[in-house]
Amino acid sequence: MAGAKTEATVKARADLALNDEFLRKAVRFTTERLRNGKKKATDEHGNWEDWRERGKQIRLHTIAHLDYYLNLFVNNARANGVHVHFATNTEEAVKLTLDIAEHAGAKSVVKSKSMVSEELHLNHALESIGVEAVETDLGEYIIQLAGEMPSHIVIPAIHKNRYQIADLLSKEAGYTLPPDTTALAGFVRKKLREKFLDAEIGMTGCNFAIAETGSMVLFENEGNARMVSTVPKTQITLMGMERIIPSWSDLEVMATLLPRSATGQKLTMYMSGITGPRRSADADGPDEMHIIIIDNGRSLQLGDPEFQELLNCIRCGACLNACPVYRHIGGHAYGSTYSGPIGAVLTPSLNKNIAEWDDIANASSLCGACYEACPVKIPLHDMLVYLRRRKVESGNGSKMESIGMQGFATIMGNSSRLGGVLRLGKLGQKLVVRSGVIKTKLGPLKGWNTYRVTPSLPKESFRDRWDTLDQELKQGLKQMEPSMQNRMEELVRKRELDEKQGKGGHGHG
């Protein structure tokens, strides 16, 4: 499924991250750079919101007709000489991959970056049958050496700085490497060159699959995916079933949205379109090409009005860079392959196990920054609320939370009760208010006040001031020009009449 969950809760993992100064600085630095790059690239582009809307409509249309476009893609890919396989779940996808590797007599597999591969934990499976799996994306190579999961969809090693990376690569080299990015990249390039030449299989992900021609498209910045897809004799492409778009003209929209949203680039350094294995006139390319189309919980979202749009995701990572929670705790605190707002929704949805993964849906401020950043307008903030509701409806909610919400409803449902509670609160807070704020870490305030302070209740609330404000409003009416005054007086009379008839709700405001 979408990743193996560790024993600790999100809160426990977040506490570890918040106490890791290296991690926090590294994540904060890189996400800020990516956000600034995206803003600059989208501002320069111009009518960005029009492009977002176009991208959303392409994805909505494709997912609504996914069966048609999948069949079209498969038929065209097979006509191009590609072996197309379907996998319902992790187990089937892993078995298909291992069968292909054994048939090819593979001893080594080189891989370009693929979140689906991480989702399936393929490296461990390949190693279990004696096949060396080598990540060739620089970030993926670093976390492979560290024995970790990706911390970001686009930049897997976002949580590490150059000094930590230098230590990792020095152990691999057997001698000390300087914490210089050029030197470190040079070492990895030299190390991987031999791996490209020795590998029997190249394994890639798939950014987009073009239904009209049966082609698959890769976006990258390092050139390693081109090596992976051209040098080895056998190629395996792992493709989530939702990665389809109808045509090459639709790719123009996605090629505008994805790099700007992901890294702030106008275009990625390399964009490769692959249509089948090597032909007789081709200078390079695999002799045999396999595409494994993976469901693994994706089809569970089809027809679900609350979560079908989840399949619109183009894996740009923009929601992670915008999320204030992710920027503080990084990706590993989410406990699964996919992190950030998209991970908080995707993981429980793919697993169909809200009870096990319910805590990551709570790791959000519901500020909506993820929606504003998303290039195809996925309402992730709404989906997080839906997950929280489903958690309660399934009987997995906290009893204390339930009692608290019942108490909240009782108080807010009656203006007199609310006024009484506010008056008591103003009296009670005198014990803990200092310089206008509450810093105590007792009871329910502990979690909040560990990292910030709670503002005190004001001496005079808006509700308390309403009678005075109402009089000021009426006084202001007398100073208006006659036509405007008549309109406003009519509105005031209507409001007062509604209140007398019981239509005005509880109290003022």
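Residues numbered from 1 in each chain as written. Predicted model: local features only at pLDDT ≥ 70, side-chain atom pairs only at ≥ 80, totals over all residues. Heavy atoms only, no water.

- By the naming in an unreviewed UniProt entry, the protein is L-lactate dehydrogenase complex protein LldF, taken from Paenibacillus endophyticus.

### Some remarks on the overall build of the protein
Step number 1: In terms of helices and strands, the protein carries 23 helices and 13 strands.
Step number 2: The burial tally for the protein puts 46% of its 509 residues in the buried class.
Step number 3: Look at the contacts in the protein between residues 6 or more apart in sequence, and 73% of them connect residues 24 or more apart.
Step number 4: For the protein, the accessible area works out to roughly 25,500 Å², and carbon and sulfur atoms hold 55% of it.
Step number 5: Side-chain charges of the protein comprise 65 positive and 61 negative groups, with the mean position of each set lying 7 Å from the other. (Helix = DSSP H or I, 4+ residues; strand = E, 2+ residues; numbered from the N terminus. Buried < 20%, exposed > 50% of the residue type's maximum accessible area, 1.4 Å probe, protein only. Contact = heavy atoms within 4.5 Å. Areas by Shrake-Rupley, 256 points an atom, 1.4 Å probe, with all protein chains shown as cover. Lys, Arg positive; Asp, Glu negative; His and termini not counted. Charge placed at Lys NZ, Arg CZ, Asp CG, Glu CD.)

### Some thoughts on the nonpolar core
Step number 1: Counting residues in hydrophobic clusters, the biggest one holds 55 residues, and the most contacted among them are F208, I342, V345 and L380.
Step number 2: Among the elements that take part in this core, helix α12 (residues 248–263) stands out by supplying seven residues, more than any other.
Step number 3: Other than its neighbours up to four places away in sequence, F208 contacts S215, M216, V217, F219, R243, I245, L251, M254, L258 and I314.
Step number 4: By size, the runner-up hydrophobic cluster in this structure holds 23 residues, among which are V82, M216, A225 and I244. (Core = buried A, V, L, I, M, F, W, Y, C linked by side-chain atoms within 4.5 Å.)

### A word on the layout of surface pockets
Step number 1: Of the voids in this model, the second largest pocket is the one considered here, and its volume is about 1,100 Å³.
Step number 2: Those elements that place two or more of their residues in the lining of the second largest pocket are α1 (10–18), α14 (324–329) and α21 (446–449).
Step number 3: When residues of the lining of the second largest pocket are assigned to their parent elements, the largest contribution, five residues, is made by α1. (1 Å grid on protein atoms, 1.4 Å probe; cavity = no way out; pocket = protein on both sides within 12 Å on 5 of 7 lines; lining within 4 Å. Points joined across faces, edges and corners; volume = space filled by probe spheres on them.)

### Some thoughts on the pairing of strand β6 (residues 215–220)
Step number 1: Of all six residues that make up β6, six are buried, and the element is covered over most of its length.
Step number 2: The side-chain alternation of β6 yields two buried faces, one formed by S215, V217 and F219 and the other by M216, L218 and E220.
Step number 3: In this sheet, β6 lies alongside strand β5 (residues 208–210) in antiparallel orientation, the contact comprising three bridges. The residue bridging F208 from the neighbouring strand is V217, located in β6.
Step number 4: Linkage of β5 to β6, two consecutive antiparallel strands, is achieved through a turn of four residues, within which G214 is found at a positive phi near 70 degrees.
Step number 5: Looking at chain direction, β6 and strand β9 (residues 270–274) are connected through five bridges and run antiparallel. Within the sheet, the bridge partner assigned to M216 lies in β9 and is I274. (Pairing = 2+ DSSP bridges.)

### Topic: the packing of aromatic side chains
Step number 1: Summed over the entire model, instances satisfying the criterion amount to five aromatic pairs.
Step number 2: Of note, R452 hangs over the ring of W448, and the distance from its end group to the ring centre comes to 4.4 Å. (Phe/Tyr/Trp six-rings, centres within 6.5 Å; stacked < 30°, edge-to-face > 60°. Lys NZ or Arg CZ within 6 Å of the ring centre and 35° of its normal.)

### Thoughts on the side chain of D359
Step number 1: Structurally, the position occupied by D359 is in helix α16 (residues 354–361).
Step number 2: A polar atom in the side chain of D359 sits 3.0 Å from the backbone nitrogen of V10. (Polar contact = N/O pair within 3.5 Å; in protein donor to acceptor, adjacent residues only side chain to side chain.)

### A short note on the environment of N19
Step number 1: Here N19 is to be found in the loop between α1 and α2 (21–45).
Step number 2: Classification of N19 by relative accessible area gives exposed; the value is 66%.
Step number 3: Put simply, N19 and I329 are 310 residues apart on the chain and 9.4 Å apart in space, counted from C-alpha to C-alpha.
Step number 4: Within the structure, the side chain of N19 is placed 2.7 Å from the backbone oxygen of D15, a separation counted as a polar contact.

### A look at the pattern of salt bridges
Step number 1: Counted according to the given criterion, the structure contains 23 salt bridges.
Step number 2: For K160, the salt bridge identified is with E148, shortest N-O distance 3.3 Å. In this pair, K160 sits in the loop between α8 (138–146) and α9 (162–173) while E148 sits in the loop between α8 and α9, placing the two residues twelve residues apart along the sequence.
Step number 3: Taking relative accessible area as the criterion, E148 reaches 29% and is therefore assigned partly exposed.
Step number 4: A single salt-bridge network, built from bridges that share partners, covers D304, E306, R389, R390 and E393. (Salt bridge = Lys/Arg side-chain N within 4 Å of Asp/Glu carboxyl O.)

### Overview of the packing of α8 against α9
Step number 1: The N-to-C vectors of α8 and α9 enclose an angle of 70 degrees; their axes lie 10 Å apart at closest approach. Overall, the two elements α8 and α9 adopt an arrangement that is roughly perpendicular. Contacts from Y141, I142, L145 and A146 in α8 reach I165, L168, L169 and E172 in α9.
Step number 2: Per-class residue counts for the contact of α8 with α9 are seven nonpolar, no polar and one charged. (Axes fitted to C-alpha atoms, helices over the stretch in contact; angles between N-to-C directions. Parallel < 35°, antiparallel > 145°, perpendicular 65-115°, else oblique. Nonpolar A, V, L, I, M, F, W, Y, C, P; charged D, E, K, R; others polar.)

### Remarks on unusual backbone geometry
Step number 1: The phi torsion at R315 lies on the positive side, around 60 degrees, for a residue other than glycine.
Step number 2: Among the residues examined, R315 registers a relative accessible area of 14% and is labelled buried.
Step number 3: Phi at K377 takes a positive value of approximately 60 degrees, unusual for a residue other than glycine.
Step number 4: Relative accessible area serves as the criterion here: at 13%, K377 is assigned to the buried category.

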